[in-house]
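Summary of structural features
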Amino acid sequence: MKFSHSNPSPRFTELIQLYKDLHQQGDQLNQIPAEEMFDGRSLIPHALSVSQAVEEFKLKSLLDYGCGKAKLYDIAELETPDGKTLRGLKEIWGVNEITLYDPGYEPYSQVPSGTFDGVICSDVLEHCPEEDIDWIIDELFAFADLYLFCTIACYPARKILPNGENAHITLKKPGWWIDKIQDAAVKRSVVN
């Protein structure tokens, strides 16, 4: 069976509900409060790479696909060489618009419309069921006009889901992910 955004696998639906519960209730087993669950800070090590892409490709709009609680967008600060303090990633990156999307977190669960100059997807794909990976990557490309930035962990997560599974449910070698992304890129270039 071919799955899609409008017809995800039953496993995808089950995991989204698990993530919604974790966002709302926290991780009781590991005593992690709800406000700290999937807060979006995994983007921190990649902020400079995104900043360089914004400058290089002259990106004005970004979509953070799988943003979690996206707390970094409000708390990040940077002092410029002239002493000015920039606050929040929108100002730091110098873009006009940042759209946040995460199907597991209610405030950002509305599927975005249109396209964006760039799409960021950090620490997301390995949390998705293997049977849904193709349509999710296709969707990432469909949202991106100029640039797509993905980071994917290829090792077990430290987090264990309430059902006992490792949070990184699709563990593959880097080459597998590269092939998936290249296949989607080729499909996208043929469509356009």
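Let me begin by describing the structure that accompanies this report. (Residues numbered from 1 in each chain as written. Predicted model: local features only at pLDDT ≥ 70, side-chain atom pairs only at ≥ 80, totals over all residues. Heavy atoms only, no water.)

This paragraph deals with the overall build of the chain. Check the secondary structure of the chain and you find six helices and six strands. Along its sequence from the N terminus, the chain presents helices and strands in the succession α-α-β-α-β-β-α-β-β-α-β-α. For the chain, the C-alpha radius of gyration of 17 Å lies close to 16 Å, the compact-globule estimate for 192 residues. For the chain, the spread of C-alpha atoms along the principal axes amounts to about 50 × 45 × 30 Å. Expressed as a percentage of its 192 residues, the buried residues of the chain come to 45%. In the form shown here, the chain has an accessible surface area of approximately 10600 Å², with 52% of it arising from carbon and sulfur atoms. For the chain, the distance from the average site of its 18 positive side-chain charges to the average site of its 30 negative ones is 1 Å. (Helix = DSSP H or I, 4+ residues; strand = E, 2+ residues; numbered from the N terminus. Rg over C-alpha atoms; globule rule 2.2 N^0.38 Å. Buried < 20%, exposed > 50% of the residue type's maximum accessible area, 1.4 Å probe, protein only. Areas by Shrake-Rupley, 256 points an atom, 1.4 Å probe, with all protein chains shown as cover. Lys, Arg positive; Asp, Glu negative; His and termini not counted. Charge placed at Lys NZ, Arg CZ, Asp CG, Glu CD.)

Inspection of the sheet shows strand S5 (residues 116–122) paired to strand S6 (residues 144–151) by six bridges, in the parallel sense. Residue pairing across strands places Cys121 opposite Cys150, the latter belonging to S6. The parallel pair S5 and S6, bridged by helix H5 (residues 133–143), forms a crossover whose chirality is right-handed. (Pairing = 2+ DSSP bridges. Right-handed = clockwise from strand over helix to strand, strands pointing away.)

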